[in-house]
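This is what each chain is made of:
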Amino acid sequence: MHSIPHRHTTFVPELALPEDARRCAFEDVIADLYGRGLSVQEIALRIRQLYSRSVSAAAIANITTAIQSFAARWQMRSLSSVYFVLFIERIPFKVEVDGLLSDKVIWAASGIDGYGLLDILGIWEDEGEHSCFWISIFSDLRRRGVTDIPVVSTDGCVVGKPFSDVFGRSPIQITAMQ
């Protein structure tokens, strides 16, 4: 009987992904870090720390530009003509600017379409809860194809007058959600 000799080696197996899969994985990481507000230099440093790999500032900038372009197209896409219920939600968050934390708010609008599906219609940064802000939001929805919204559900913001200014009538019901 022969025994199999054992080798003493420092070999450590690694998963070798095809180039496209590696690129896609890095794009996802870059998109995630960009979404968290990191700068191009901070993203490059984080990737170097996490993966011991260098990614050029130009490559990161190309990916973040593509993300911005995708987001802009999404924000401008055509919408259904009728949403039976429009939900408007206030989303507060904190952002660091020049080392100081400040409070910010974004508003998310989602609607239930004719198929009963919930569709996120848009996200807007708060410019102050005044009539002009709401008119701009409702005008954006109208310009993108929305013609009728019977019910508007908000978390306390006053939208009745701006809604009727844009859509020509008051919604059948405005409800407040908490």
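Residues numbered from 1 in each chain as written. Predicted model: local features only at pLDDT ≥ 70, side-chain atom pairs only at ≥ 80, totals over all residues. Heavy atoms only, no water.

(A) Inspection of the packing of helix H4 (residues 131-143) against helix H5 (residues 160-167) at higher detail. Between H4 and H5, the shortest axis-to-axis distance is 9 Å and the interhelical angle comes to 40°. What the angle tells us is that H4 and H5 run oblique. Two packed elements cross with a definite hand, and for H4 against H5 that hand is right-handed. On the side of H4, the interface is formed by Ser131, Trp134, Ile135, Phe138, Ser139 and Arg142, while H5 contributes Pro162, Phe163, Asp165, Val166 and Phe167. Taken together, the residues of the contact of H4 with H5 break down into seven nonpolar, two polar and two charged. (Axes fitted to C-alpha atoms, helices over the stretch in contact; angles between N-to-C directions. Helix = DSSP H or I, 4+ residues; strand = E, 2+ residues; numbered from the N terminus. Parallel < 35°, antiparallel > 145°, perpendicular 65-115°, else oblique. Left-handed = near helix turned anticlockwise from the far one by under 90°. Contact = heavy atoms within 4.5 Å. Nonpolar A, V, L, I, M, F, W, Y, C, P; charged D, E, K, R; others polar.)

(B) Region of interest: the side chain of Thr64. Its place among the elements puts Thr64 in helix H3 (residues 57-76). When its relative accessible area of 7% is taken as the criterion, Thr64 is described as buried. Apart from residues no more than four positions distant in its own chain, Thr64 is found in contact with Ile30 and Tyr34. (Buried < 20%, exposed > 50% of the residue type's maximum accessible area, 1.4 Å probe, protein only.)

(C) A look at the pattern of salt bridges. One pass over the full model with this rule turns up seven salt bridges. Lys104 serves as the salt-bridge partner of Glu125, at 3.8 Å between the closest nitrogen and oxygen. Taken together, the residues Glu125 in strand E3 (residues 118-125) and Lys104 in strand E2 (residues 100-112) connect sequence positions 21 residues apart. Residue classification places Lys104 among the partly exposed positions, given a relative accessible area of 31%. We note a salt bridge from Asp140 to Arg143, for which the minimum N-O separation is 2.8 Å. Placement of the pair is Asp140 and Arg143 together in helix H4, with a separation of three residues, close to one helical turn. One continuous salt-bridge network, built from bridges that share partners, spans Asp140, Arg143 and Arg144. (Salt bridge = Lys/Arg side-chain N within 4 Å of Asp/Glu carboxyl O.)

(D) Local environment of H4. With 13 residues, H4 extends 18 Å from end C-alpha to end C-alpha; this agrees with the ideal 18 Å at 1.5 Å per step. In the segment just after H4, Gly145 is the residue with positive phi, at about 115°. (Expected span 1.5 Å × (residues − 1).)

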